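Below, each chain spelled out in residue letters.
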Amino acid sequence: MVQKKKRADYELVKKAKAGDGRAYDQLMEMYHDAVFNIILRMVHNRQEAEDLTQETFIKAYNSINSFNEEYAFSTWLFKIATNHCIDFFRKRKLVTYSMDEPIKYKDDEIAHEYADSDPTVDKKMVDGEKSNIIKQAIEQLPDKYRMAIILRHHEEKSYEEIAEILNLPLGTVKARIFRAREMLKKILKDALF
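The paragraphs below set out a description of the structure included in this document. (Residues numbered from 1 in each chain as written. Predicted model: local features only at pLDDT ≥ 70, side-chain atom pairs only at ≥ 80, totals over all residues. Heavy atoms only, no water.)

A short note on the overall build of the protein
- Each helix and strand in the protein was counted, giving 8 helices and 2 strands.
- Across the 193 residues that make up the protein, the buried fraction comes to 26%.
- Taking all contacts inside the protein whose residues are at least 6 apart in sequence as the whole, residues at least 24 apart take part in 52%.
- Roughly 14300 Å² of accessible area belongs to the protein as shown, and the carbon and sulfur atoms make up 53% of that amount. (Helix = DSSP H or I, 4+ residues; strand = E, 2+ residues; numbered from the N terminus. Buried < 20%, exposed > 50% of the residue type's maximum accessible area, 1.4 Å probe, protein only. Contact = heavy atoms within 4.5 Å. Areas by Shrake-Rupley, 256 points an atom, 1.4 Å probe, with all protein chains shown as cover.)

Okay, here's the thing in structure tokens:
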């Protein structure tokens, strides 16, 4: 079913690349709600989400010729949506306040007080030791599990990105990461507790 969906998407993308506006309209109709929901979860404002959704589809249309058919159209489109939201947040001007200026309240001023958030030397040492133990545990994993866990947790790649990088099905990637975590739990069980 997923392959059938991919093929249908590819046919529409081919037509859109050839200048068929109706084919692109179909793609927009098929993915509008999914893109809107992704953006809404990021911006938490329906009107902004609707505007950003429209802009995402415009960006996708303008760069449709750069779409690589080795990947799912939905993945490509969702990446454009996510990147567009990130750009939106960067451009939005945030109101900032000085931490040194007191807050004015009625006829009084209230000075800011902050807890010392610097970790103690002991905590730094313990955290460093834990990191070393975890790194050593990861090194003990078989290559295929070690690579998956490093890409997921150190490189912070999505499951889809890992599948593309390792040229594996998504289910295999999820299974490897799950198995790697289970192996790490066993290795670390005695070392950290």
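Digging into the pattern of salt bridges
- Taken as a whole and assessed by the stated rule, the structure comprises 7 salt bridges.
- For Asp-87, the salt bridge is made with Arg-90, and the minimal N-O distance between the two is 3.6 Å. Taken as a pair, Asp-87 and Arg-90 lie in helix α4 (residues 73-91) at a separation of 3 residues, close to a single helical turn.
- When salt bridges with common partners are traced through the structure, they connect Lys-59, Asp-87 and Arg-90 into a single cluster. (Salt bridge = Lys/Arg side-chain N within 4 Å of Asp/Glu carboxyl O.)

Considering the packing of helix α2 (residues 21-43) against α4
- The N-to-C vectors of α2 and α4 enclose an angle of 40 degrees; their axes lie 10 Å apart at closest approach. The crossing of α2 and α4 is right-handed. The residues of α4 that touch α2, namely those facing Leu-27, Tyr-31, Ala-34, Val-35, Ile-38, Ile-39, Met-42 and Val-43, are Phe-73, Ser-74, Leu-77, Phe-78, Ala-81, Thr-82, Cys-85, Phe-88 and Phe-89.
- Split into classes, the residues belonging to the contact of α2 with α4 amount to 15 nonpolar, 2 polar and no charged. (Axes fitted to C-alpha atoms, helices over the stretch in contact; angles between N-to-C directions. Left-handed = near helix turned anticlockwise from the far one by under 90°. Nonpolar A, V, L, I, M, F, W, Y, C, P; charged D, E, K, R; others polar.)

Section: the packing of aromatic side chains
- One pass over the full model with this rule turns up 8 aromatic pairs.
- Pairing Phe-73 with Trp-76 gives two aromatic rings, centres 5.7 Å apart and planes at 40 degrees, and the pair type is tilted. Residue Phe-73 and its partner Trp-76 are located together in helix α4, separated by 3 residues, close to a single helical turn. Trp-76 carries the same exposure label as Phe-73, and that label is buried.
- Counting every residue linked through ring pairs, the aromatic cluster contains Tyr-10, Tyr-31, Phe-67, Phe-73, Trp-76 and Phe-78.
- When the ring centre of Tyr-159 is taken as reference, the NZ or CZ atom of Arg-152 above it lies at 4.2 Å.
- A cation over a ring is seen here: Lys-174 above Tyr-159, with NZ or CZ 5.8 Å from the ring centre. (Phe/Tyr/Trp six-rings, centres within 6.5 Å; stacked < 30°, edge-to-face > 60°. Lys NZ or Arg CZ within 6 Å of the ring centre and 35° of its normal.)

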